[in-house]
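Okay, here's what each chain looks like letter by letter:
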Amino acid sequence: MKTNNTTIEDRIQYFEKNYNILVDVNLVGDKSHTIRIDGLRKCRFCERNEGEVTFKKEAHAFSELIGNRTLLTNYECDSCNEHFSKYLENHLANYLGPARTFTLTKGKTGVPSYKTADESSRVDVKSGEIVVQTMADQPMFVEDEKNKLITFHATKPTYVPVAVYKTLVKMALSILPENEMDAFKTTAKWLLSTDHSKVFMRPCPMNFSFTNGLKPHPFIKAMVFKVKDLSLDVPFMQFFIAFDNFTFQITIPTEQDLRLQGKTATIQAFPSIHEVSDTENETKHALADMSDWNPVKGSKVEVQLAYEKKRCPNSNPGATAHNSRYVMRHFCPS
Ligand SMILES: [Zn+2]
């Protein structure tokens, strides 16, 4: 498969020419909504019925770790729910790593804290402010007081690339109309395998973008695109999701794409609203093949943060730890 980074117009044309919008979800507001399938309850993933499995837990269409508290489904059983949280979601959390702290992405229990591996330094978010506690003799960041910029040098926790991808595929399948699930039965089985080395489709292309600014995507937006015609040399379906500072785009793996074997299929990045109309906040893209099942350990990430004010409540000259409280303006990974 091939991905081209071309102009915004080319990218818009690519989607207009090849795809219909099958699903467009915008999670605005605090009101919960459950996507329901009436009749006997059956799990979309393991295909077991109520009686064989239970449906007591709240099943979130998108992981809570990206800030979804409102969109639920009634077709994910407790057993699959546990599987996804135990074997998949942590990998997406670790892949996002310290970025979730700096972008104030609220998970199940608020914005996650970031700690260094030896726990000598940490970053917490309290009342919307970033509180940094670090060893004075080995600070975790470099500060440019004149320009009010600090650059953190952080390490992502270990993650498995294909498990990150599967977490996104799970979100995509959660919002598909029931009558589209026939093409994704093998996909669902693949998601339920605890053995991440079991290959279903390769490559697993994922486009990731980060837009500067304070929560440029203020609510979760998710879309599923379906190919207009099977004679077109593009993946059958693609999934796009935007939240806080991030967008992700993946192909939803399916046997339908076996028709592309031996051909060159093009994938373009769906342009977010910020790329089309925002002249203030820069968006950076990265494309990765996420099919690797080997754990990625110690991946370094640099996060730059601009702040409005800094407070040092505990500046005790004799102390080894140093506390600073920053009021954020905007931030960007570099
Ligand atoms: Zn199930």
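Residues numbered from 1 in each chain as written. Predicted model: local features only at pLDDT ≥ 70, side-chain atom pairs only at ≥ 80, totals over all residues. Heavy atoms only, no water.

**Student:** Describe the coordination of the zinc ion, and please don't skip the residues or the numbers.
**Tutor:** In an ideal octahedron of six donors the angles at the metal are 90 or 180 degrees, and in an ideal tetrahedron of four donors they are 109.5 degrees. Donor atoms from the polypeptide that bind the zinc ion are Cys 43 (SG), Cys 46 (SG), Cys 77 (SG) and Cys 80 (SG), placed at 2.3 Å. Between the donor residues of the zinc ion, the gaps in sequence give the motif C-x2-C-x30-C-x2-C. The same class applies to Cys 77 as to Cys 80, namely buried. (Donors = N, O, S within 2.8 Å, 3.2 Å for Na, K, Ca; no water. Buried < 20%, exposed > 50% of the residue type's maximum accessible area, 1.4 Å probe, protein only.)

**Student:** Pulling in residues and values, what's your account of the pairing of strand E9 (residues 141–144)?
**Tutor:** Two faces make up the sheet, and in a regular strand the side chains alternate between them. Across four bridges, the pairing between E9 and strand E10 (residues 149–155) is antiparallel. Counted as the bridge partner of Val 142 is Thr 151 from E10. The loop that links E9 with its antiparallel partner E10 comprises four residues; one of these, Lys 148, has a positive phi angle of about 55°. (Pairing = 2+ DSSP bridges. Helix = DSSP H or I, 4+ residues; strand = E, 2+ residues; numbered from the N terminus.)

**Student:** I'd like a description of the environment of Phe 141, backed by residues and values.
**Tutor:** Mapped onto the elements of the fold, Phe 141 is located in strand E9. What makes Phe 141 buried here is its relative accessible area of 9%. Here the alpha-carbon distance between Phe 141 and Thr 266, two residues 125 residues apart in the chain, equals 40 Å.

**Student:** Provide a residue-level description of the pattern of salt bridges, including the pertinent values.
**Tutor:** Applying the stated rule across the entire model yields 14 salt bridges. In this structure, the salt-bridge partner of Glu 47 is Lys 42, at a minimum N-O distance of 3.9 Å. Overall, Glu 47 belongs to the partly exposed group, its relative accessible area being 29%. Judged by relative accessible area, which is 41%, Lys 42 ranks as partly exposed. Linking Glu 82 and Lys 57 is a salt bridge whose minimum nitrogen-to-oxygen distance equals 2.7 Å. You can see Glu 82 sitting in helix H2 (residues 78–87) and its partner Lys 57 sitting in the loop between strand E3 (33–35) and strand E4 (59–60), a full 25 residues away along the chain. Lys 57 gets classed as partly exposed once you look at its relative accessible area, which sits at 39%. (Salt bridge = Lys/Arg side-chain N within 4 Å of Asp/Glu carboxyl O.)

**Student:** Before we move on, can you summarise the sheet that holds strand E11 (residues 205–211) with the specific residues and values?
**Tutor:** Pairing is antiparallel in the open sheet, where six strands are placed in the order E2-E12-E13-E14-E11-E16. Where the open sheet ends on each side, the last strands, each with one partner, are strand E2 (19–27) and strand E16 (283–289). Within this sheet the neighbouring strands show an average axis-to-axis angle of 15°, counted without direction. In the sheet, E11 pairs with strand E14 (residues 246–251) via five bridges, with the strands oriented antiparallel. When the sheet's bridge partners are listed, Asn 207 is paired in E14 with Gln 249. (Axes fitted to C-alpha atoms, helices over the stretch in contact; angles between N-to-C directions.)

**Student:** Which residues make up the sheet that holds E4, and what are the values?
**Tutor:** Taking strand neighbours across the sheet as the criterion, the three strands line up as E3-E5-E4 in an open arrangement whose pairing is mixed. The open sheet has two free edges, formed respectively by E3 and E4, since each of these has just one partner strand. Across two bridges, the pairing between E4 and strand E5 (residues 71–73) is antiparallel. Note that in E5 the partner of His 60 across the bridge is Leu 72.

**Student:** Describe the layout of surface pockets, naming the residues involved and giving the relevant values.
**Tutor:** Considered as a void within the structure, the largest pocket measures approximately 480 Å³ in volume. Lining the largest pocket are 24 residues, and of these Glu 64, Leu 65, Ser 85, Glu 89 and Lys 108 sit closest to its centre. Elements with a contribution of two residues or more to the lining of the largest pocket: E4, H2 and helix H3 (89–96). Counting residues per element, the lining of the largest pocket draws most heavily on H3, which supplies four residues. (1 Å grid on protein atoms, 1.4 Å probe; cavity = no way out; pocket = protein on both sides within 12 Å on 5 of 7 lines; lining within 4 Å. Points joined across faces, edges and corners; volume = space filled by probe spheres on them.)

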